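Descriptive structure summary
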Amino acid sequence: MTIERFATAPYQTHCQTRVTAIDGQLLSLAETVFYAMGGGQPGDTGYIEFADGERTAIIDTRRAAGTREIQHHLAPEGRMPHTDEEITVHLDWERRYAHMRIHTALHLLTAVLPYGVTGGSVASQSGRLDFDAGDAVLDKDAIEAALNQLIEQAIPVETRWVSGDELAARPELIKTMSVKPPMGLPQVRLVDIAGTDLQPCGGTHVANTREIGPIKVLKLENKGARNRRVTIGF
Ligand SMILES: [Zn+2]
């Protein structure tokens, strides 16, 4: 199993590691700082650096189908490492940090809008959530003001681990109706934005809400009778 540095050290931009398996252009590593696509957040990109300084681009990071194994997708034209080779992997940090800011802003959005979440996605400049909002009428300016107020309060964002049983005893923590967090795992990661939002999440977040910076509500859309899509961005 790959050691997943992004889960405990989201600000780490690179790591030295060893190639454990290669399947075509798909690279598995002993440890990685690359977030694998999931929970609406894209997989990380960047490059591997060989001992002699040569680089090969990593164009995506995903978990192998049906498993938790992380595979780094290498650019087809690049030099390939061999199994057991020692390399360094470097994130496209600007892109990843933008994902961290948008992702954390979406947590705040679930605090502003207390409805069940039916879907969502994160990109570098924007992100969106779909809410099962019934016949509620949403106010773009009010949502934007509430979000920016939470951002300016510089609230710490912390993660901690709980047992699967502990989470099962508190189903109210699960806001996402369509994408249930993996149940039955011995440990589940909780993201705690003090006094504002607490939910299980495997994504990457900033350490303090002020790092998000000013956010706009870009779009409100009706997606079906009860579904409201809210798009936010920089
Ligand atoms: Zn999250």
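Just so we're clear, the structure is a prediction, and the values are computed from it rather than from any experiment. (Residues numbered from 1 in each chain as written. Predicted model: local features only at pLDDT ≥ 70, side-chain atom pairs only at ≥ 80, totals over all residues. Heavy atoms only, no water.)

**Focus on the sheet that holds strand E12 (residues 187-193)**
- As summarised here, the arrangement of the three strands in space is E11-E12-E13, forming an open sheet in which the pairing is antiparallel. Among the strands making up the open sheet, the edge pair consists of strand E11 (157-163) and strand E13 (197-200). Adjacent strand axes in the sheet meet at a mean angle of 25 degrees, parallel and antiparallel pairs treated alike.
- Pairing between E11 and E12: seven bridges, direction antiparallel. Residue pairing in the sheet places Ser 163 in a bridge with Gln 187 of E12. (Pairing = 2+ DSSP bridges. Helix = DSSP H or I, 4+ residues; strand = E, 2+ residues; numbered from the N terminus. Axes fitted to C-alpha atoms, helices over the stretch in contact; angles between N-to-C directions.)

**Digging into the pattern of salt bridges**
- What the rule picks out here adds up to eleven salt bridges.
- A cluster of three or more residues bridged by salt bridges with shared partners is formed by Asp 52, Glu 54 and Arg 79. (Salt bridge = Lys/Arg side-chain N within 4 Å of Asp/Glu carboxyl O.)

**Some words on the domain arrangement of the protein chain**
- Its domain assignment divides the protein chain into domain 1 (13-91) and domain 2 (96-233).
- Its C-alpha centre places domain 1 at a distance of 28 Å from the equivalent point of domain 2.
- Taken together, the contacts link seven residues of domain 1 with nine residues of domain 2.
- Carbon and sulfur atoms make up 51% of the area that domain 1 and domain 2 hide from each other, which totals about 720 Å².
- The interface formed by domain 1 and domain 2 holds one salt bridge in total.
- Linking Arg 96 and Asp 44 is a salt bridge whose minimum nitrogen-to-oxygen distance equals 3.0 Å.
- In this assembly, domain 1 and domain 2 are joined by five residue pairs in polar contact (both at pLDDT 80 or more).
- For the side of domain 1 that touches domain 2, the per-class residue count stands at four nonpolar, two polar and one charged. (Domains from an automatic or database assignment. Contact = heavy atoms within 4.5 Å. Buried area = accessible area lost by both parts, 1.4 Å probe. Polar contact = N/O pair within 3.5 Å; in protein donor to acceptor, adjacent residues only side chain to side chain. Nonpolar A, V, L, I, M, F, W, Y, C, P; charged D, E, K, R; others polar.)

**Quick look at the coordination of the zinc ion**
- Surrounding the zinc ion are the protein donor atoms His 103 (NE2), His 107 (NE2), Cys 201 (SG) and His 205 (NE2), which sit 2.0 to 2.2 Å from the metal.
- With four donor atoms in place around the zinc ion and angles of 99 to 124 degrees between them, the coordination shape is tetrahedral.
- Here the donor residues of the zinc ion share one chain and are spaced in sequence as H-x3-H-x93-C-x3-H. With His 107 in helix H2 (residues 93-112) and His 205 in the loop between E13 and strand E14 (216-222), this pair connects stretches of sequence that are 98 residues apart.
- Classification of His 205 as buried rests on a relative accessible area of 4%. (Donors = N, O, S within 2.8 Å, 3.2 Å for Na, K, Ca; no water. Tetrahedral: all angles 85-135°; square planar, octahedral: opposite > 155°, others 65-115°. Buried < 20%, exposed > 50% of the residue type's maximum accessible area, 1.4 Å probe, protein only.)

**Examining the sheet that holds strand E10 (residues 126-132)**
- As summarised here, the arrangement of the four strands in space is E9-E10-E15-E14, forming an open sheet in which the pairing is antiparallel. Each edge of the open sheet is held by one strand with a lone partner, namely strand E9 (116-122) and E14. Across the sheet, the mean angle separating the axes of adjacent strands is 20 degrees when strand polarity is ignored.
- Bridge count between E10 and strand E15 (residues 227-233): seven bridges; the pairing is antiparallel. Among the inter-strand pairings, Leu 129 is bridged to a residue of E15, identified as Val 230.
- Set on the sheet, H2 makes contact with E9, E10 and E15; between it and E10 the angle comes to about 25 degrees.
- Its contacts with the sheet place helix H3 (residues 140-152) against E14 and E15, and it is angled at close to 140 degrees to E14.

**Looking at the side chain of Ser 28**
- Counting through the fold element by element, Ser 28 comes out in strand E3 (residues 26-29).
- Apart from the residues lying within four places of it in its own chain, the contact partners of Ser 28 are Arg 18, Val 19, Thr 20, Ala 21, Glu 69, Ile 70 and Gln 71.

**Some remarks on the nonpolar core**
- Leu 109, Phe 131, Leu 147, Val 230 and Ile 232 are the most contacted members of the largest nonpolar core, which has 29 residues in total.
- A per-element tally of this core places H2 first, with six residues.
- Formed by 13 residues, the second largest nonpolar core is a distinct cluster that contains Cys 15, Phe 34, Ile 48 and Leu 91. (Core = buried A, V, L, I, M, F, W, Y, C linked by side-chain atoms within 4.5 Å.)

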